[in-house]
Every structure is written in C-alpha cells, then in structure tokens.
Amino acid sequence: MGAPVHGLTAKTQTSLEEVKRNTKRHRRHLLGNSISRYYFLFSILALCLVLGLVIVFIGKTALLLFTRISPQDFFFSFNWTPEEEAFGAAAFIVNTLSLTALTLVIAVPISVGMAVLCAEIAPNWLKSFIRPVLDLLVGIPSIVYGYLGLTVLLPFLRRVSGEGLGDGLLAAALVLALMVLPTICRISDDAIVAVPRKYRDAAYALGSTRLQVIMRIVLPAASRGIISAVILGMTRAVGETMAVVMVIGNTPQLAKSLFAPTSVLTSNIVMQISNVEFDSTWNYSLHMMAFLLLLISFVLILIIRLLGRKRRDA
Amino acid sequence: MKMFKKFTVTALTAVIAVTASFAGAAAAADSLKGKITVNGSTALLPLTLQAAKEFQKLHPKVKIAASGKGSVTGPQAVKKGIADIGACDWDASIDVPGFKAFDGQVANKVAVIPFATIVNKNVGVDNLTTEQLKGIYAGKITNWKEVGGSDANIVVITRAFGSGTRVNYQAKALGGGDIVKKEKNYKETGSSGDMKTAVGTTPNAIGYIDLVYVTGGDIKAVKFNGVEANTDNVINGSYKIWAYGYYMTKGQPTGATKEFIEYVQSKKFQQGSLKKLKFIPISAMQS
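Given the structure is predicted, the values throughout are model-derived calculations rather than measurements.

Explain the interface of chain B and chain A to me, please; I cannot follow it from the model alone.
Note on interface size: it is often stated as the accessible area lost on association of the parts. Chain B puts 34 residues into the contact, and the matching count from chain A is 29 residues. Carbon and sulfur atoms supply 56% of the area buried between chain B and chain A, which totals about 3000 Å² over both sides. The tally of links between chain B and chain A comes to three salt bridges. A salt bridge links K256(A) to E183(B), with the nearest nitrogen and oxygen atoms 3.6 Å apart. Viewed at the interface, chain A and chain B are joined by 10 residue pairs in polar contact (both at pLDDT 80 or more). At the level of elements, α1 (2–24), α3 (73–80), β6 (155–159), β7 (186–189) and α6 (192–201) of chain B are the ones that each hand at least two residues to the side of chain B that touches chain A. No other element matches β7(B), which puts four residues into the side of chain B that touches chain A.

Laid out in structure tokens, this is it:
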C-alpha cells in the first residue's frame, strides 16, 4: 500500500518542479519578449529621431532665409550672385526639373524595354546573366559614374558637338540615365513578372501575337509597378550629387541649351557649402535648397505609396 | 548642418589626435601642455600636419588636431571658438573681395603660396599679361588668336566663388578684375584637384592653381608678364602671383598655440620641412 502513495508523492513533486520550471521559463520568455519589444521600439524611434532632426535642423536654418530676403526673391529670381547679395534659386529649380525630365526621357524607354526583355522574351540563361549584372550596376558608387562621365563621355561629346567643353545638361542627363537605368529596369521587371499568367494565356487564346500581348495586356497590367519604378528612379536623379557635379559645369545660370554649363540644386550646394559663413543669407539659401530637395523627395515617395495602395485596392 | 559640421570636426579631431599621440609618444618629457585645434584651408593642411607631427615630438603633452575644409571656415571656426587656429589663404583680419574682416582676429603669416596660370598642353601661348588675363576672365577675349595663339575658343575654367585660390588670383593676377560667367566655354570647379583634371582634359582650357599642383604632362604653367612661374622668381620679386598663408587666432596667441605658431615660423621648420612641401619660407619675402 505504501509504494503507490510514495509513487504518488514522487509524481506530485515532479509535477510541482515542472510547474516551477515552467513558470521560470514563462518569466524568461516574458522578459525576453518585453526586452525585444523595447529594442524594436527603440530602433524605430532612433530612426524617427534622426529623420526628425534632419527636418528640424535643415528646416530651421532654411526658414531663417525669409527673415533676410522675401520668398519671391528666392523662388522667382534667376539671379544667383552671392557676392552681390542676390540669392535667386529659380535657375537651379528649373535646371533640376529639366535635368530630371531629360534623364527620364532617355532612361525610361530603354529600361522598360530591357525589363520586357528580361521578363518576357529572354531565355533563362540570359535572364540569369542580366539580372545580377543590373543589381551590380545599382551598387556602383556615383563618383565612379561621374569619373567615367568626365574622362570618357565629355571628350566624346566635345568631338560630336564641336563644343569647347561638353559640360551641361546633356552630359549630366546621360550619366544620370545610366545610373537610374538599372533601378527602373529591375523594379519594372518584377512588376511585369508579377502579372498573372492567366492574362497572357487568355490573350494568346484569343489569337494575340506576342507583341500584342506585351503592349496591350502585360504592360498596362504592370503599369502601376512601372510608374513606381520610374518615380524611384526620379528620386535618385533629383538627389544625385557627385556624378552631376563632375559633368555639369557648375555655373549658376539657367540652362538655355543642352551644352550650356549650368548648375542644379544638389551640385550648387556641394560646390558652395564649404565656402560660406555660418550666419549668412548665403548659408540660409543653401539650406533652403536642401530643404526643397527634401520636400521633392517626400512628395515623390508619397506618390509611390499612394499608387501602391490603389493597386492593393484594385 | 551646423551640428553635422561640428560632428565632422570632432570626428576628424579624434582621428588625428590619436595618430598624433602615437607619433609623440617616444619624445622626452616636457612641461608644455594643451590641446590645439586647427581648422580651415586645405592648401595649408599638409604644412599644418607636418608641423604638428614634429611639434608633438618636442612636446608630447600637447595634442594637435588639424582638419581642412574651405579657407573661410578657418576664421569662422576661430570666431565660434571651435578652433584655436584658423588656417586661411588670405588675411582674414581685413576685408577682401566677397568676405568681410573678422574683427578681433590676428593674422600670423606662416608660409608663402605661389599660384600659376595654367593651360591645357595643346595651347600654343606661353606668356600672358595682366591685361590679357583680365580680358580672358572678363569674357572680352574669347579666342586664343587674340593673344597670339591658334584660332580656337578659349575655355575658361575657374574656382567657385569663395575659394581662397580665387580670391588671391583675382587680386594678384587680374589686378582685382572680375571673373564673369558665360553661357559657353566656362566652368567652375570645386577644388584644386578638380581644376587640374578639368584643364588637363579640356583642350584650349585656361585655369589657375597652386604652383605645387603643376606637375605631369597635361597642363603647363604660362609666364605672367614675361616672367616664368617658379619659386626663384617669387623670391626675387619678379613673379607677382603669390600670397601669404595665414594662421588666424582670436587676439594674440597664447600658451601652446603661441608656441606652435612660433615653431611653424621658426627658421628650422621654414627652411626644412616647409621647403620640402614646396611652400616658400616667409623670411624669403621679407629680405
């Protein structure tokens, strides 16, 4: 009779220990969970803090500008002559826009064409070659592209155009096009691949040719993704600095021709920021230009988000 | 941006201080203590770094941190109290074109910096006068044949406004004349290195640069008013395009800063390392 009792006691003890162990483990898990929760929270807060600081500090210094000169003088005057206290940024803004537009005009048709090739036409071995190469191109530092522009593209443009310098919007746009091409191409590629196979099958079943399938079915179906890709390329083109500085001529004036030496927001900031006095209208204008760049890229990113949301809704 | 500037300065300071303390570790004990921060002109940076290395061997307890950016950041950093010494390519205690004087700062001459007018190797002209240079940079002379060369457009390359080299070149070579931007055949560069590349790779280009950068076969220095650009002609007074490099301090320098400036100005340093770095001793000009 004793033995089972003993057995029972032993069993009870074991389960008690087990419960204790389980409780300990439970607490450990809870602790681990809460620590990692705080860690993740901290990570995102740190990022938000940095982003907030960027906006606050750039914005604060930038807005000081309007205590010195009126917004009209800054946004609508084409005269940028810091030595004579003239801080009109209109030329840079227009140049930035026209450079971005020119870049996209060159880059978009080519990169979408490449994306179609990658996604629809190329045999597998070619795909598995092109895609890694494009990924590699995305990672090349911009100064390398700039250097190539300076030593290869400029002499070529000089020969072709007969200009003395070759620097200007066209040179910068060509370099930028090369830089944004892989970005636009890879993302468009993914968008095209994501178009459901049944669309194509249906179109072929109705007797479409391959060209008709691509032009009338696949590209329209992937259009939102492609537009996102183009905008992402645009943000890179708007913000690119080093490569542009090396081939644009850095002369603060409105570009009236493709070969006129000129300057955009980014290149002007980097050329002048190390030469300005801290508390000067000049410094504030450069900060305002940086702030403008921030705003432009925020707006572009916002458009991408909105497009993405619409696509999910559809 | 301000914060970022400070951060950069601090980071550079830290790196250089560490390097410097290793260099100085072997030297004998010495009573002079302190920390000297030097900021400003990149043109004078090689000189400052060399002097700091030698000075810390003599005085191991002195830490010298040096960094370079633009000339005007030197006196600015001194004004803000970030740096003890602001290296500057012009005398920042008086007004120069584009920059007001920094009140209460003292300019200590430390070196003579010669500058040269340079052209691409394809240019046939080898002498230019003040008037011709003025005409070229004002945009009035646009073809090399007007100054005795072949029939080709002159491509003007200049430093961006605010550069110390530009301030000095305008004052000494152009006699205070303006540099006028043009729609064509005109380009601004951000540093001496860029200037050299731009003139070297652009046929028919003209530019200006510190004499020490005139090396290699792509660019050549032209004579100024018939005088060749070299250190001998600077010293004998016939070549006029040169300027003093200055260490700006808040009031008269004191303590370790004073000792350091005196070391840089000393005969030993001026005749030794400074000459090796291709600057010209200040004493050469005062005789």
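How do you make sense of the packing of aromatic side chains when you look at a structure like this?
Between two aromatic rings, the relevant description is the distance of the centres plus the angle of the planes. Here the structure, examined in full by the defined rule, presents 17 aromatic pairs over all chains. Judged by centre distance (5.9 Å) and plane angle (70 degrees), the rings of Y137(B) and Y169(B) are edge-to-face. Pair noted here: Y137(B) is in helix α4 (residues 130–138) and Y169(B) is in helix α5 (residues 164–172), with a separation of 32 residues, a long-range link. The pair Y137(B) / Y169(B) is uniform in exposure class, with both members buried. For the ring pair Y244(B) and Y246(B), a centre distance of 6.2 Å and an interplane angle of 65 degrees mean the geometry is edge-to-face. Members of the aromatic cluster, joined through ring pairs, are F55(B), Y247(B), F260(B), Y263(B) and F269(B). Over the ring of Y38(A) we find R37(A); its NZ or CZ atom is 5.7 Å from the centre of that ring.

What counts as what
- Residues numbered from 1 in each chain as written.
- Chains lettered and ligands numbered in written order.
- Predicted model: local features only at pLDDT ≥ 70, side-chain atom pairs only at ≥ 80, totals over all residues.
- Heavy atoms only, no water.
- Contact = heavy atoms within 4.5 Å.
- Buried area = accessible area lost by both parts, 1.4 Å probe.
- Salt bridge = Lys/Arg side-chain N within 4 Å of Asp/Glu carboxyl O.
- Polar contact = N/O pair within 3.5 Å; in protein donor to acceptor, adjacent residues only side chain to side chain.
- Helix = DSSP H or I, 4+ residues; strand = E, 2+ residues; numbered from the N terminus.
- Phe/Tyr/Trp six-rings, centres within 6.5 Å; stacked < 30°, edge-to-face > 60°.
- Buried < 20%, exposed > 50% of the residue type's maximum accessible area, 1.4 Å probe, protein only.
- Lys NZ or Arg CZ within 6 Å of the ring centre and 35° of its normal.

These results come straight from atomic positions and should not be treated as a statement about function.
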